[in-house]
Amino acid sequence: MTPEEILQGLYDETLVGNAPRVLELTNEGLVLNMEPQTLLFDALIPSLEEVGARFERGDFFVPEMLIAGRAMSGAMEVLRPLLAETGVQTIGKFLMGTVKGDVHDIGKNLVNIMLEGAGFEVIDLGVQVAPEKFVAAIEEHQPDIVGFSAFLTTTMPMFKANMNALEKAGIRNSVIVMVGGAPVTQEYADAVGADGYAADASQTVKRAKSLLQERRAKVPA
Amino acid sequence: MAPGSRVSGARTSRTIESGRIALVACGALAQSSAEIAERRGWPLDVHPLPPLLHNQPQKIAGEVRALAESLLPAYGKVVVGYADCGTYGALDQVCADLGLGRLPGLHCYDVFGGASRLQTFFEEQPGTYVFTDFLVRSFARTVERELGLDRWPELREDYFGSYTRVVWLAQEPDDELRALAEAAAERLGLPLTVVPTGTTGLEHALADLVG
Ligand code: B12
């Protein structure tokens, strides 16, 4: 196979969630001495972006997204150590969790995949993360950004509870806060005092990058 | 003659004169609502919308608005057989615009089981997945097929990996339904708790709307 065929294959097979084939093609690409970054940025990420776009249009539903995400995750397992080896600097540290009382995590997991693909180091605290746990993890990992994900009317107020916990611990200003999840809107994000909101995974990546830039421009190194 | 209820009643000028009421209802509640109305002798016509809208809740408010608007000229009164149902306030806006009442609560689980009891279930075990009789009966279509578990069984972990139990709000459990509920919970790999609720929750909520 030519490198072009590998890239096209990776794009197409990720789109339909053919995880075994995506893994094979990733390995074949590496055998051909293709750069891990090329496989990632010229095939895997564009494919998952297309998956997101199809979801927005209503052409894909949740399962199609999930299997595509799984396929990309499989490739990431192989690529992650290589990307680390090539000394590509991570662009920032992102701490992520679904709020206390909520166990919806599909959206969060997709966001994580895209963030990682874009060069963020992602630390995932999983689901049902209590405010104290967020605080402790922020103190331990010193992330640039913390993300709260929520899906239920009854768990959205946890955003505010988390913000209060951060304030109380005196760490609110040391970290950028992003919120998201199906019911969340920009207005709601503003109301709880978050720094950023994004409606889907690729927008999260864009917003996270721009928030980081703003923050770094403000704080002289 | 008792003014019996019917699903998708005819929209004639007679409906206004006879004071019939239209219920724009989630398909998951249509059958039970019609049965209750029949028993209570309410002049209610049930107009169902597809229950699978729940997986695309951003469409619910628009669909309810369109159907309600088309029914309003023919009926003296139109009411909405939905709770908030993941519309996050959008349905309330439609109700306010058109002057319609809706079922109370966040979703039909609140209607059947009572909001505070549901809250307790979720507090006890956040990983609680709720069944209604409708979900039990339609499990293969509304859960397995919709979530793609029929095509990709490996996704069970992605969906239900953090779940710890199923609570079935059993409205009218019989042996057949009980067996179906057990089989469904088993397919999800979760233990089943049966909570008999009856249909009084829905009946009271409808009585408030119709009355
Ligand atoms: C899939 C799903 C489930 C799966 C969840 C599996 C899982 N592990 O997450 C299952 C079937 C298990 C489930 C269970 C329940 N669900 Co559910 N579920 C959904 C559904 C259909 C899709 C959610 C989803 O995954 N979307 C796909 C992802 C890709 O999109 P997303 O979540 O929006 O995420 C994107 C963005 O929001 C953003 N994003 C996400 N997180 C973050 C975080 C940050 C920081 C940022 C910046 C961005 C961001 O990027 C993501 C990727 O593009 C929604 C309806 C809907 N369409 O929203 C209902 C829905 C959320 N569920 C609902 C309900 C009621 C339940 C149950 C109570 C039902 C039951 N029978 O018990 C239980 C909840 C139990 C519990 N204890 O939590 C309601 C909530 C209503 C409400 N008012 O609260 C909804 C709205 C359905 C409805 N119409 O009633 N559910």
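Residues numbered from 1 in each chain as written. Chains lettered and ligands numbered in written order. Predicted model: local features only at pLDDT ≥ 70, side-chain atom pairs only at ≥ 80, totals over all residues. Heavy atoms only, no water.

**Looking at the pairing of strand S1 (residues 92-98) of chain A**
All names here are of chain A. Rules: The rule is simple: take the accessible area with a 1.4 Å probe, protein chains only, and divide by the maximum for that residue type; under 20% is buried, over 50% is exposed, in between is partly exposed. Counting from the N terminus, the helices are the DSSP runs of H or I reaching at least four residues and the strands are the DSSP runs of E reaching at least two. One bridge is not enough; two strands pair if DSSP finds at least two bridges between them. Crossover handedness is defined by viewing with both strands directed away from the observer: a clockwise path from the first strand over the helix to the second marks the crossover as right-handed.
In terms of residue burial, S1 counts as a mostly covered element, since six of its seven residues are buried. When S1 meets strand S2 (residues 120-124), the two strands line up parallel, connected through five bridges. Residue pairing for S2: Lys93 is matched across the bridge by Glu121. Handedness of the crossover is the feature at issue here: the chain leaves S1, passes through helix H5 (residues 106-117), returns alongside S2, and the resulting connection is right-handed. In this structure, S1 lies alongside strand S3 (residues 145-149), joined through five bridges in parallel fashion. Residue Leu95 lies in a different strand from S3, and its bridge partner there is Val146.

**Comments concerning helix H6 (residues 131-141) of chain A**
Residues and elements named next belong to chain A. Basically, it comes down to this: To be clear, the arc concerns the directions from the helix axis to the C-beta atoms. We call two residues contacting when some pair of their heavy atoms lies within 4.5 Å.
Considered for burial, the residues of H6 that qualify are Pro131, Phe134, Val135, Ala137 and Ile138. In an axial view of H6, the angular spread of the buried residues amounts to 165°, which keeps them on one side of the axis. Residues of H6 that are exposed and point more than 90 degrees away from the buried face comprise Glu132 and Glu140. Where H6 is buried, its residues meet S1, S3 and helix H7 (158-168). Taken from the residues just after H6, Gln142 is the one with a positive phi, measuring 50°.

**A few points about the domain arrangement of chain A**
Interface extent is often summarised as the accessible area lost during association of the parts. All names here are of chain A. For clarity, the cut-off: The split of the chain into domains comes from an automatic or database domain assignment. Buried area: the accessible area, evaluated with a 1.4 Å probe, that two parts lose upon being put together, summed over both parts. We count a salt bridge whenever a side-chain nitrogen from Lys or Arg sits within 4 Å of a carboxyl oxygen from Asp or Glu. Whenever two N or O atoms come within 3.5 Å, that pair is a polar contact, provided that in protein one can donate a hydrogen and the other can accept it, and provided that, for residues adjacent in sequence, both atoms are side-chain atoms.
Examined at the domain level, chain A breaks down into domain 1 (3-85) and domain 2 (92-218). Contacts between the two partners involve 14 residues from domain 1, matched on the other side by nine residues from domain 2. Where domain 1 abuts domain 2, roughly 960 Å² becomes buried across the two surfaces, and 74% of that area is made up of carbon and sulfur atoms. At the boundary of domain 1 with domain 2, the tally comes to one salt bridge. At the boundary of domain 1 and domain 2, one finds one residue pair in polar contact (both at pLDDT 80 or more).

**Brief notes about the sheet that holds S1(A)**
Residue and element names in this part refer to chain A. Defined as follows: For helices, the fitted line uses only the C-alpha atoms of the stretch in contact; every axis is such a line through C-alpha atoms, and the angle between N-to-C directions lies from 0 to 180 degrees.
Read across the open sheet, the five strands follow the order S2-S1-S3-S4-S5; overall the sheet is parallel. Among the strands making up the open sheet, the edge pair consists of S2 and strand S5 (196-197). In this fold H6 packs onto S1, S2 and S3, with an angle of close to 165° to the strand it touches most, S1. Contacts from H7 reach S3 and strand S4 (176-180), with the element oriented near 150° to S3.

**A look at the packing of aromatic side chains**
Two descriptors summarise a pair of aromatic rings, namely the distance from one centre to the other and the angle between the planes of the rings. Our working definition: To pair, rings of Phe, Tyr and Trp, with the six-membered ring standing in for Trp, must have centres within 6.5 Å; the planes then decide the type, stacked if under 30 degrees apart, edge-to-face if over 60, and tilted in the middle.
In this structure the tally under the stated criterion is 10 aromatic pairs over all chains. Here Phe134(A) and Phe148(A) contribute two aromatic rings whose centre-to-centre distance is 4.6 Å and whose plane-to-plane angle is 70°, an arrangement assigned as edge-to-face. Taken together, the residues Phe134(A) in helix H6 and Phe148(A) in strand S3 connect sequence positions 14 residues apart. By relative accessible area, Phe134(A) is classed as buried at 0%. With relative accessibility at 1%, the residue Phe148(A) sits in the buried group. Their ring planes at 80° and their centres at 5.1 Å tell us that Tyr129(B) and Phe160(B) sit as a pair that is edge-to-face.

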